[in-house]
Amino acid sequence: MSDDQADAFDLNSLSDEELVEQVHDDLYNGLKDEVVEATNIFLGRGWGADKVLNDALVDLVEKGLVEPKEAYLRAMDKGTIANTLKARGFDTSFIEPEG
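Here's what I pulled together on the structure shown here.

Parameters and conventions
- Residues numbered from 1 in each chain as written.
- Predicted model: local features only at pLDDT ≥ 70, side-chain atom pairs only at ≥ 80, totals over all residues.
- Heavy atoms only, no water.
- 1 Å grid on protein atoms, 1.4 Å probe; cavity = no way out; pocket = protein on both sides within 12 Å on 5 of 7 lines; lining within 4 Å.
- Points joined across faces, edges and corners; volume = space filled by probe spheres on them.
- Helix = DSSP H or I, 4+ residues; strand = E, 2+ residues; numbered from the N terminus.
- Nonpolar A, V, L, I, M, F, W, Y, C, P; charged D, E, K, R; others polar.
- Patch = residues over 30% accessible without salt bridge, like charges linked within 9 Å, V, L, I, M, F, W, Y side chains within 5 Å.
- Areas by Shrake-Rupley, 256 points an atom, 1.4 Å probe, with all protein chains shown as cover.
- Salt bridge = Lys/Arg side-chain N within 4 Å of Asp/Glu carboxyl O.
- Lys, Arg positive; Asp, Glu negative; His and termini not counted.
- Charge placed at Lys NZ, Arg CZ, Asp CG, Glu CD.
- Core = buried A, V, L, I, M, F, W, Y, C linked by side-chain atoms within 4.5 Å.
- Buried < 20%, exposed > 50% of the residue type's maximum accessible area, 1.4 Å probe, protein only.
- Contact = heavy atoms within 4.5 Å.
- Phe/Tyr/Trp six-rings, centres within 6.5 Å; stacked < 30°, edge-to-face > 60°.
- Lys NZ or Arg CZ within 6 Å of the ring centre and 35° of its normal.

If a probe the size of a water molecule is rolled over the atoms, the empty space left behind becomes visible. Empty space within the second largest pocket amounts to approximately 150 Å³. Elements with a minimum of two residues in the lining of the second largest pocket: helix 2 (16–28), helix 4 (49–62) and helix 5 (68–74). Grouping the amino acids of the lining of the second largest pocket by side-chain chemistry returns 8 nonpolar, no polar and 2 charged.

Written as structure tokens, this is what we have:
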């Protein structure tokens, strides 16, 4: 993509699914400004910040780019990400039971 094309790329025009994929790629590539912009779009669409972050972290775990423990430690909503990781077959034995 040329610089002119990149400048003209409008994240607002993407569907939720397309934007999720784009923000996951941007997170992986360390594109902070793009992640912030996409997160603000999600928030404007009624998504919670914890959902945006947790979904991205789970995606990175599924791609083998982040270990489940690292994703858990970075998650805003520990309970949801723990349940999601467990449901998708990842080892969550590092999570200490509450009590």
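This part takes up a negative patch on the surface. On the surface, Asp10, Asp33, Glu34 and Glu37 cluster together to form a negatively charged patch. Within the element layout of this structure, Asp10 appears in the loop between helix 1 (3–8) and helix 2.

Okay, the nonpolar core next. One finds Leu57, Val58, Leu60, Val61, Val66, Ala71, Tyr72, Ala75, Ile81, Ala82, Leu85 and Ile95 forming the largest nonpolar core, which totals 12 residues. Among the elements of the structure, helix 4, helix 5 and helix 6 (78–87) are those that each provide at least two residues to this core. It is helix 4 that contributes the most residues to this core, 4 residues altogether. Every residue in contact with Ala75, bar those within four places of it in the chain, is listed here: Leu53, Asn54, Leu57 and Ile81. Core analysis: the next-biggest nonpolar cluster, separate from the first, contains 11 residues, Val20, Val35, Trp47 and Val52 among them.

With that settled, consider the packing of aromatic side chains. Each aromatic ring pair is characterised by the separation of its centres together with the angle its planes make. Within the structure shown, the criterion is met by 2 aromatic pairs. Judged by centre distance (5.8 Å) and plane angle (65°), the ring pair of Tyr72 and Phe94 falls under edge-to-face. Of the two residues, Tyr72 sits in helix 5 while Phe94 sits in the segment after helix 6, which places them 22 residues apart along the sequence. The exposure class of Phe94 is partly exposed, given its relative accessible area of 26%. Over the aromatic face of Tyr72 sits the side chain of Lys78, whose NZ or CZ is 5.5 Å from the ring centroid.

Everything listed here is a matter of geometry and, on its own, says nothing about what the molecule does.
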